[in-house]
Amino acid sequence: MNTSIKTDDVIFNFFKQICDEKDDQKCIELGNSWINAMETNLSNMEKNLNGADKLKHKDDIKSNRDHLNSLKIKSSTEWREYATQCMIEIMNHKGQ
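The rules behind each value
Residues numbered from 1 in each chain as written. Predicted model: local features only at pLDDT ≥ 70, side-chain atom pairs only at ≥ 80, totals over all residues. Heavy atoms only, no water. Helix = DSSP H or I, 4+ residues; strand = E, 2+ residues; numbered from the N terminus. Buried < 20%, exposed > 50% of the residue type's maximum accessible area, 1.4 Å probe, protein only. Expected span 1.5 Å × (residues − 1). Contact = heavy atoms within 4.5 Å. Salt bridge = Lys/Arg side-chain N within 4 Å of Asp/Glu carboxyl O. Core = buried A, V, L, I, M, F, W, Y, C linked by side-chain atoms within 4.5 Å. Axes fitted to C-alpha atoms, helices over the stretch in contact; angles between N-to-C directions. Parallel < 35°, antiparallel > 145°, perpendicular 65-115°, else oblique. Nonpolar A, V, L, I, M, F, W, Y, C, P; charged D, E, K, R; others polar.

Draft legend 1. Structural context of the overall build of the chain. Looking only at helices and strands, one finds 5 helices and 0 strands in the chain. For the chain, the sequential pattern of α-helices and β-strands runs α-α-α-α-α. Its C-alpha atoms give the chain principal-axis dimensions of about 45 × 40 × 20 Å. Counting every position in the chain, which comprises 96 residues, the buried fraction comes to 23%.

Next up, the structure:
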């Protein structure tokens, strides 16, 4: 039996927590923790890129940072909507 945890499942469950959180402030805190984790991931990826690859992915990294910055002002309702959309995209991706 394969008991490995798939990344998509972890992400899906995290977004489900955001959707299920009844306390608006905790919902926003969960969203902000998502932003922090993704910013850390981007920084780590950037550190691991050499000159040519760093230049190649510069625009993608900037786009991701801009997207994360746009999330920082979301309300709890907006976070729940965003998380729902992300969960739908994960499910659609699994179906392919």
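Draft legend 2. Main features of helix α1 (residues 7-20). Between its first and last C-alpha, α1 extends 20 Å over 14 residues, near the 20 Å set by a 1.5 Å rise per residue. In this structure, the buried residues of α1 make contact with α2 (24-48) and α5 (76-94).

Draft legend 3. Seen up close, the pattern of salt bridges. For the structure on display, the rule yields 6 salt bridges. Put simply, D9 and K94 hold a salt bridge, and the shortest N to O gap is 2.3 Å. Taken together, the residues D9 in helix α1 and K94 in helix α5 connect sequence positions 85 residues apart. The class for K94 is partly exposed, based on a relative accessible area of 43%. Here R65 makes a salt bridge to E46, at a shortest N to O gap of 2.8 Å. Within this pair, whereas R65 is found in helix α4 (residues 58-71), its partner E46 is found in helix α2, the two being separated by 19 residues in sequence.

Draft legend 4. Main features of the nonpolar core. Grouped together as the largest cluster of nonpolar side chains are 19 residues, with contacts concentrated most on F15, I18, L71, W79 and Y82. Sorting the residues of this core by element identifies α1, α2, α4 and α5 as the ones contributing at least two each. With 6 residues, the single largest contributor to this core is α5. Ignoring any residue separated from it by four or fewer positions in sequence, one finds L71 in contact with I35, W79 and Y82.

Draft legend 5. Spotlight on the packing of α1 against α2. For the pair α1 and α2, the least separation of the axes is 9 Å and the interaxial angle reads 150°. By the angle class used here, α1 and α2 are roughly antiparallel. Of α2, the residues touching α1 (which contributes I11, F14, F15, Q17 and I18) are C27, L30, G31, S33 and W34. For the contact of α1 with α2, the class distribution of residues is 7 nonpolar, 3 polar and no charged.

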